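Breakdown of the fold
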4 protein chains.
Amino acid sequence: MAPKPLNIGMIGYGFMGRAHTNGYKRVNDFFDLPYRPVLKAVCARDEAKAKAFAEQWGYESIETDWKKLLARKDIDAVDICTPNNLHKEISIAAAQAGKMILCEKPLAMNTAEGEEMCAAVEKAGVANIVWYNYRRIPAVTYAKQIIDSGKLGRIFHYRANFLQDWTINADLPQGGAALWRLDAAAAGSGVTGDLLAHCIDTALWLNGSISDVTAMTETFIKERKHQLTGKSEKVTIDDACAFLCHFANGSLGLFESTRYARGHKALYTFEVNGENGSLKWDLHDLHRLQWFDYRVEGPLRGWASIHVTDGDHPYMGKWWVPGLAIGYEHSFVHQVKDFLEGLGSGKPAGPTFRDALETQKVCDAVLDSAKSGSWKKV
Amino acid sequence: MAPKPLNIGMIGYGFMGRAHTNGYKRVNDFFDLPYRPVLKAVCARDEAKAKAFAEQWGYESIETDWKKLLARKDIDAVDICTPNNLHKEISIAAAQAGKMILCEKPLAMNTAEGEEMCAAVEKAGVANIVWYNYRRIPAVTYAKQIIDSGKLGRIFHYRANFLQDWTINADLPQGGAALWRLDAAAAGSGVTGDLLAHCIDTALWLNGSISDVTAMTETFIKERKHQLTGKSEKVTIDDACAFLCHFANGSLGLFESTRYARGHKALYTFEVNGENGSLKWDLHDLHRLQWFDYRVEGPLRGWASIHVTDGDHPYMGKWWVPGLAIGYEHSFVHQVKDFLEGLGSGKPAGPTFRDALETQKVCDAVLDSAKSGSWKKV
Amino acid sequence: MAPKPLNIGMIGYGFMGRAHTNGYKRVNDFFDLPYRPVLKAVCARDEAKAKAFAEQWGYESIETDWKKLLARKDIDAVDICTPNNLHKEISIAAAQAGKMILCEKPLAMNTAEGEEMCAAVEKAGVANIVWYNYRRIPAVTYAKQIIDSGKLGRIFHYRANFLQDWTINADLPQGGAALWRLDAAAAGSGVTGDLLAHCIDTALWLNGSISDVTAMTETFIKERKHQLTGKSEKVTIDDACAFLCHFANGSLGLFESTRYARGHKALYTFEVNGENGSLKWDLHDLHRLQWFDYRVEGPLRGWASIHVTDGDHPYMGKWWVPGLAIGYEHSFVHQVKDFLEGLGSGKPAGPTFRDALETQKVCDAVLDSAKSGSWKKV
Amino acid sequence: MAPKPLNIGMIGYGFMGRAHTNGYKRVNDFFDLPYRPVLKAVCARDEAKAKAFAEQWGYESIETDWKKLLARKDIDAVDICTPNNLHKEISIAAAQAGKMILCEKPLAMNTAEGEEMCAAVEKAGVANIVWYNYRRIPAVTYAKQIIDSGKLGRIFHYRANFLQDWTINADLPQGGAALWRLDAAAAGSGVTGDLLAHCIDTALWLNGSISDVTAMTETFIKERKHQLTGKSEKVTIDDACAFLCHFANGSLGLFESTRYARGHKALYTFEVNGENGSLKWDLHDLHRLQWFDYRVEGPLRGWASIHVTDGDHPYMGKWWVPGLAIGYEHSFVHQVKDFLEGLGSGKPAGPTFRDALETQKVCDAVLDSAKSGSWKKV
């Protein structure tokens, strides 16, 4: 049966606007689904940029005011790719307009905003999801399956970090279109909301809830020129953040992120150590999962590098043939796939706004702890 | 300026039909080009399969006879994804019909066929290219740039292999739709034309022509059930092939491919050793290039693992951000991009039929040498 | 000129007794030195074991009372390989007896003990060193040279961990000869003094002093049979410990150690991220140093894996030829070499007792922080 | 019971003289054995060098004429570390003098010499062994055990190479004390006897005999100054050699060695592909064995990196603790251990002269094939 159209209204046209759009366009070429996304409209304040984006990607129309987009009857679902400080307002309005919502991470500027947003989507009963896309890297999804199978036994340790190096240059300005992530007014926080939020989402998904944290943050470059004012201004985001924590299952956690780790472009890694096995993954070699299986006979034990490209690995049966890797962008294709299947089956794909709120709470506890210098309960 | 439409007629709907189609569909989302491929028609003998493919991928129409496809005025370019034994006939007819041709590799069943095909396309003056896609993996393209820059100096060694393990099971049948690659009547040869041809194409591109070869082939499983006859029949392809050679530049070559290397799914690797530097690459970690630079001060020298995901790496400026990998399929997107740019600029992208004929000649010399047990000139 | 004899009295015969003795026996075969260690006596309470050890390794005599050993005129230097709770008493007595001291790490049970020991050796004016042997792995020594050369520029991050998995089995007993490291009465602490102490020593050496810490510890298995009493007793050591810290140079630190990381035997790793370069090392591949050099032209940048086996790498000119690795035990040979050279030159090799006291202070702050749940100044 | 002394007479004092001597000196510290090697005498034509070596390593006496050494009654075993062109004469004389012989590899200049040597030692009934030391790297020994257990099933492929880069510099002279390996008159051949001989010995041990070969050799630098004559002379060794072969078990072999592979210091690697599993090893990370086990459940399959440092790995129970690597030199310690145990048990450790003769035959066939350009039977 032919899939039903699902009309998408995209708000934003940056890096994430491209990544999500690519997901919508490609998903039906590879997966059999109940819905087919239609690129109905893209919305941006700058009309020329909206037009250019629409033309490049094939959106049927543009809007320059997101409220008008929400008012359109031909939009089924809204995708929010704006800076973080607009997530709340748009989400709540979209929910009230009865639109499904696919919101870029982090959910909100803080937990309080997130609570309001959850209330709004749940009251409206609209489908909602947050783009913590790394859950859908096949190797990560497979890690989840291995853990859920019980193969690791009791978990002792979870560690994750997200290391980048793109803001080391002191001449890099802050704020404005391309660099709003360096401006706390637009982003809420620095690496905590941008990078650690990914690590935390995966951790909660793989290893359950976090009880308490002790954290430190640092801003290495204290002042940068602001792109909007043209003046040197105080940098208000965290350049780096690390925290220790306890998980509810008794395991210990260690998290770190920074944009000052020279040599690492986007090195998101995690490792889980259990009684009977361990798992490691990193984004720079995203198609591999490292697996140590204690059940193997003694002298043959070793870390196995699983090349997650076989037909029996998550999502991979629909792509190419064994040995041929897919990439970063496919995590978005998979998120669209799961979202559409969730619509069809009535079992919504996560992380929902409610799921993503848990990550927000950990982020808030981390920032609180860093400020106060003491352990904080989540 | 909006790109001009280029109407594609696809012949075949298998693995390569999907890979090429994906290239056509995606290229304009990421690259600014003079042409935009239009999925005009797909052709397959089995009407139901043609329809299903057209629906899945968005082809506007279908044909069940490739001659009818060639007769259509609304087709600009023909993409040949059939088994190898049809490449010649279709190519020559397409050239005579004035169609551009994008032909799957290897070019032909043998050199003689290839010569005829080259003559046909050159007489007709139609654009032509062969899908040796690995040239367009960014790390491979970058290797080419490094070599061409002269950084390696005099070349001493080139080695490549392509290792798979999918035919070890003796119960695997041969022939028919999915397994024609195991049937010499359809494929011409086994791993030589299927896998070594890739290694040879890259080698000729990176290191120049090959002068002579000594080779051995082996067929490990002597009989397999044929899918079309249902009977156990002699296996006529080479399961494995290895050869030594001299390059015209004085360097030594070592090539091997097999489908019996347990643990390797699609491990295509090459390495070049020069006076002042060396390069290594493999398809299982296709986003990395290993580079040894002798110019580095002594004790700091080491093999650098270049994560080929930066904006200044070939093709990568148009994809995501540093650290975020693309995959196998993108090599086809890049080939379409280069082909379309070549149409615009009048400087045709390679490998043309004529270029691919060189690979065919080496393959023939290899198979001759294996049969005769002596060195063969190319 | 022939090296002068230096008579060694070894106290203890366990793992470290073997490692140190091996260092004494081998050093003059490879290095030209002012002294030649002579295996004069080994001391152990169990006479049979002392005899067996002396016979195996070639000690000339035995003692069963360390006080008698210290009283011997023919002993120049005492090597203390006892459990940690004896380091203080023996060291102070040895200093008073005018013996040089080579003491196994950690220096002491705590900072207070360490202060007394420093006072004693400094008052007596005897040569003293602590066996933080990892400084003398060639790749680690080379890391120190690279950092000291200024190639990394401003340092932003330092992270280290030491992961093992040998105590996961709940049936493993605690205490007694082989397992005193699991008994806080003999060891002082668990992984903090045993493993983190190594990480801290290296960190202080490479990156300078640590200002303050926040830590957590955990004991996963709460009770174990004690080998001496035969009864199940509370486990009093820390099975795992992690801490965050600030270094005096403004960089951030992250440290972790555990004996519950399934799949890791002795994975001591560290990484330093500076403005212009980064370094990584791990004990499982101890002959390699990972080096990222930002000075390299953009697209060629990558982590270089330096195979630290060349003649111009630290210590390596005296071993074999490039490409041929040495191992763990050689770090002790190198420590003996440097100690003996220090005796000759009058510039004592570190870490001296005073140097090792700094590590002790950090360990104490870490354990205090874990107990109190708050940041502690060192 | 105390081990019996075994008096060693060493002929030569170069790299191998050091490596073997180190083996003799250390073996009893770690292994319980029926014999204890005694460093009785070292023999070298240059008296000063012999003295210096004796002093450094602790030999009791020196000789400057190997015939005098052989005449001494207090010598039980002779170790031959001379250039290859002296192996035959000394071996035969030593056998006639009733000495055990430990001969550096390759056994001889060619097969004919090797036959005479075998005849001599067998007639004399003296213990004999050849220093193909790589068999005794624990990871290699363990590979042998895995293969012998049948875990790989039918073998399809064996490939090995030995890549170095130390002779690329055209100014490097040939001949004389340090560089006799570049002089065919002293060495017999270039990389074939020096490097490929190692690869072949391991291959025969792991995968059985070789039936026939086709080979090519190359001399990249045609003339070099000779150290003894001071004149530029033709280079007569092979700088590089590669060959294809069939093993008697039906598997295919691929071998290569060179001293012109920039970036590789001593990269000896081998890989075996069997029906049910594959193994890979390389000398640059000699403590690791890569193992692919097809019996593992599908999606969990991957290449396992076995860190061969556990107590249940070959030889490792006598060294340190899991995770702590040993190095290159230990292969010689292990060879001494096995040789001494063989003396005690009456089951001689290999490779004996007779075993090593098989390697010589393959080397000769390889060189013959390269010269004639045709396949040669071994």
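Just so we're clear, the structure is a prediction, and the values are computed from it rather than from any experiment.

Brief notes about the relation of the copies chain B and chain C
Superposition record for chain B on chain C: RMSD 0.0 Å, screw rotation 180 degrees, translation along axis 0.0 Å. Expressed as a symmetry operation, the mapping of one chain copy onto the other fits a two-fold axis. Residues of chain B ranked by C-alpha distance from the rotation axis are headed by Ala304(B), positioned 1.9 Å from it.

Structural notes on the side chain of Ser331(A)
Along the chain, the position of Ser331(A) falls in helix α10 (residues 330–345). Beyond its immediate chain neighbours, meaning those up to four positions away, Ser331(A) contacts Asn133(A), Arg136(A) and Ile137(A).

Focus: the environment of Asn22(A)
All names here are of chain A. Along the polypeptide, Asn22 turns up in helix α1 (residues 15–30). In this structure the C-alpha to C-alpha distance between Asn22 and Val333, which are 311 residues apart in sequence, comes to 7.3 Å. A polar contact is formed between the side chain of Asn22 and the side chain of Glu329, at a distance of 3.4 Å.

Things to note about the domain arrangement of chain A
All names here are of chain A. By domain assignment, chain A separates into domain 1 (4–133) and domain 2 (134–377). Computed over C-alpha atoms, the centres of domain 1 and domain 2 are 23 Å apart. Contact with domain 1, which involves 46 residues of that partner, is made by 46 residues of domain 2. For the pair domain 1 and domain 2, the summed buried surface comes to about 4200 Å²; carbon and sulfur atoms form 67% of the total. Counting the surface domain 1 buries against domain 2, the share from its top three residues, Phe31, Tyr132 and Asn133, is 21%. Counting across the domain 1 and domain 2 interface gives four salt bridges. Put simply, Asp194 and Lys105 hold a salt bridge, and the shortest N to O gap is 3.5 Å.

Structural notes on the relation of the copies chain C and chain A
Mapping chain C onto chain A is achieved by rotating through 180 degrees and translating by 0.0 Å along the same axis, at an RMSD of 0.0 Å. Most of the interface of chain C is mirrored in chain A, where 100% of its interface residues again form contacts.

Definitions and limits used
- Residues numbered from 1 in each chain as written.
- Chains lettered and ligands numbered in written order.
- Predicted model: local features only at pLDDT ≥ 70, side-chain atom pairs only at ≥ 80, totals over all residues.
- Heavy atoms only, no water.
- Least-squares fit on C-alpha atoms with pLDDT ≥ 70 in both.
- Helix = DSSP H or I, 4+ residues; strand = E, 2+ residues; numbered from the N terminus.
- Contact = heavy atoms within 4.5 Å.
- Polar contact = N/O pair within 3.5 Å; in protein donor to acceptor, adjacent residues only side chain to side chain.
- Domains from an automatic or database assignment.
- Buried area = accessible area lost by both parts, 1.4 Å probe.
- Salt bridge = Lys/Arg side-chain N within 4 Å of Asp/Glu carboxyl O.

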